[in-house]
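What follows is the residue order along each chain.
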Amino acid sequence: MRHSSQQKDIAAAIGVSVSTVSLALSGKGEEFRISPETILRIQQAAKDMAYRVDRTARSLRTRRYHTIGLLFHSTREPLYAELIPAIQTLLARHDYAVVCSFWNRTQDVDASIHAVLDHGVDGIITCHDYRRFTMNLPVVFFGGRQVFAGSWTSQADGRQQLQ
């Protein structure tokens, strides 16, 4: 069951092609000589019809998920309680979703990492210096040291990094 309209619904409603709707909603309308009036009609119809981008379809086309994985040891750490909503808010401003996973026992770390990776992510943010990160993804470690090529680290307190 669909919960929102699709581009083909918008196209049918206002009498344009699906590709015109796609270009207009992706911000490429003027580049492809779609009139400003048509772009506005498409945007208004999308709003009226509660259109939302299908992230799954977009990720199949672009091979990017617009999702970042957050991996933390425990939900009981006060710093994480501050970091997670701040990271989520910052990423949402850039149209990224967040997938979180936590573990309380060392033997659960790999399962936590795989749970995030199985959702499809463009990168990982973690406060832990684990050598289990062997995938070809950007990884940001808060308060750690570089573990492997391609990871970024910071010695600053997490609160300072978010400012």
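Scroll up for the structure.
Here we summarise the structure given alongside this text. Predicted, not measured: the structure shown is a model, and the values here were computed from it.

## Describing the pattern of salt bridges
Then comes step 1: One pass over the structure, following the stated rule, counts one salt bridge.
Then comes step 2: Measuring nitrogen to oxygen at the nearest pair gives 3.0 Å for the salt bridge that ties Asp 108 to Arg 105.
Then comes step 3: Overall, Arg 105 belongs to the partly exposed group, its relative accessible area being 46%.

## Description of the pairing of strand 2 (residues 97-102)
Then comes step 1: One ladder, built from six bridges, connects strand 1 (residues 67-72) with strand 2; its direction is parallel. Directly across from Gly 69, in strand 2, lies its bridge partner Val 99.

## With respect to helix 2 (residues 18-25)
Then comes step 1: Taken together, the buried positions of helix 2 are Thr 20, Val 21 and Ala 24. All buried residues of helix 2 fall inside an arc of 100° around its axis, so they share one side.
Then comes step 2: If you follow the buried residues of helix 2, they end up packed against helix 1 (7-14) and helix 3 (36-48).
Then comes step 3: Positive phi shows up at Gly 27, right after helix 2, with a value of about 85°.

About the criteria used
- Residues numbered from 1 in each chain as written.
- Predicted model: local features only at pLDDT ≥ 70, side-chain atom pairs only at ≥ 80, totals over all residues.
- Heavy atoms only, no water.
- Salt bridge = Lys/Arg side-chain N within 4 Å of Asp/Glu carboxyl O.
- Buried < 20%, exposed > 50% of the residue type's maximum accessible area, 1.4 Å probe, protein only.
- Pairing = 2+ DSSP bridges.
- Helix = DSSP H or I, 4+ residues; strand = E, 2+ residues; numbered from the N terminus.
- Arc of directions from axis to C-beta.
- Contact = heavy atoms within 4.5 Å.

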